[in-house]
Amino acid sequence: NMAQNQPSKAIAVIPSDTINIPVPGIITSGTNTGGATTLTDAGQDFTNATTNANGYNISGGDVVISAAGVISEIASVDSATQLTLLTAIAAGTYDIYKGNYQILGESEGFTLFVGTGGPATVLRIQTLTGQDVSLLNIPDSSFIPIQVQRVWATTTTCSNIIALQ
């Protein structure tokens, strides 16, 4: 029997100054033939009528991660095969995750595991309550026992970070 404080979900963290760590678990994947801030996938039907039948809906605020590890937030579902993104990603394969919204306290927090830290490293986080905190000199293979919703790209020098929920 697993202790109640043990995480059961995990996601690799892509630090971002604007996007919270998404909810672990890919909701759909495909190949983007668009580019820049347009994701186009003829093999998808992003409309709620289709996605809801599969147990999920895609909407603004959800997150796309490209095969190259670039993270972008979905601005809108434009059609069955096209999404508008807030920041550009290249063509190629992608995964979509539910966004971890910071609206009305809906954001879920994560404990972090930092694989690569070391002397003079910085881990800049946003706590679940919205505080901007910089943690210094994080050793390799460290657990960070703070409820985190975002790892900032600006000033974070740690890497191989996993969010545990």
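What counts and what doesn't
- Residues numbered from 1 in each chain as written.
- Predicted model: local features only at pLDDT ≥ 70, side-chain atom pairs only at ≥ 80, totals over all residues.
- Heavy atoms only, no water.
- Salt bridge = Lys/Arg side-chain N within 4 Å of Asp/Glu carboxyl O.
- Helix = DSSP H or I, 4+ residues; strand = E, 2+ residues; numbered from the N terminus.
- Buried < 20%, exposed > 50% of the residue type's maximum accessible area, 1.4 Å probe, protein only.
- Phe/Tyr/Trp six-rings, centres within 6.5 Å; stacked < 30°, edge-to-face > 60°.
- Lys NZ or Arg CZ within 6 Å of the ring centre and 35° of its normal.
- Contact = heavy atoms within 4.5 Å.
- Pairing = 2+ DSSP bridges.

### A look at the pattern of salt bridges
Under the defined criterion, the tally for this structure stands at 2 salt bridges. Between D132 and R124 there is a salt bridge, with the nearest N and O atoms lying 2.6 Å from each other.

### What to know about the environment of P15
Residue position: P15 is located in the loop between β1 (10-12) and β2 (28-32). Accessibility expressed as a relative area gives 29% for P15, which makes it partly exposed. C-alpha separation for the pair P15 and L123, spaced 108 residues apart in sequence, amounts to 9.9 Å.

### Quick word on the packing of aromatic side chains
A complete count under the given rule lists 1 aromatic pair for this structure. Against the face of W152 rests R150, its NZ or CZ located 5.2 Å from the ring centre.

### What to know about the environment of S141
Residue position: S141 is located in the loop between β10 (132-136) and β11 (142-151). Separated by 87 residues in the primary sequence, S141 and N54 have C-alpha atoms spaced 37 Å apart. In contact with S141, other than residues within four places in its own chain, are F113, V114 and G115.

### Comments concerning the pairing of strand β6 (residues 82-89)
The pairing of strand β3 (residues 36-40) with β6 spans 4 bridges and is classified as antiparallel. The partner of T38 across the bridge, within β6, is T84. For strand β5 (residues 71-79) and β6, the ladder comprises 4 bridges, and the chain directions are antiparallel. Note on β6: the bridge partner recorded for I74 is L85.

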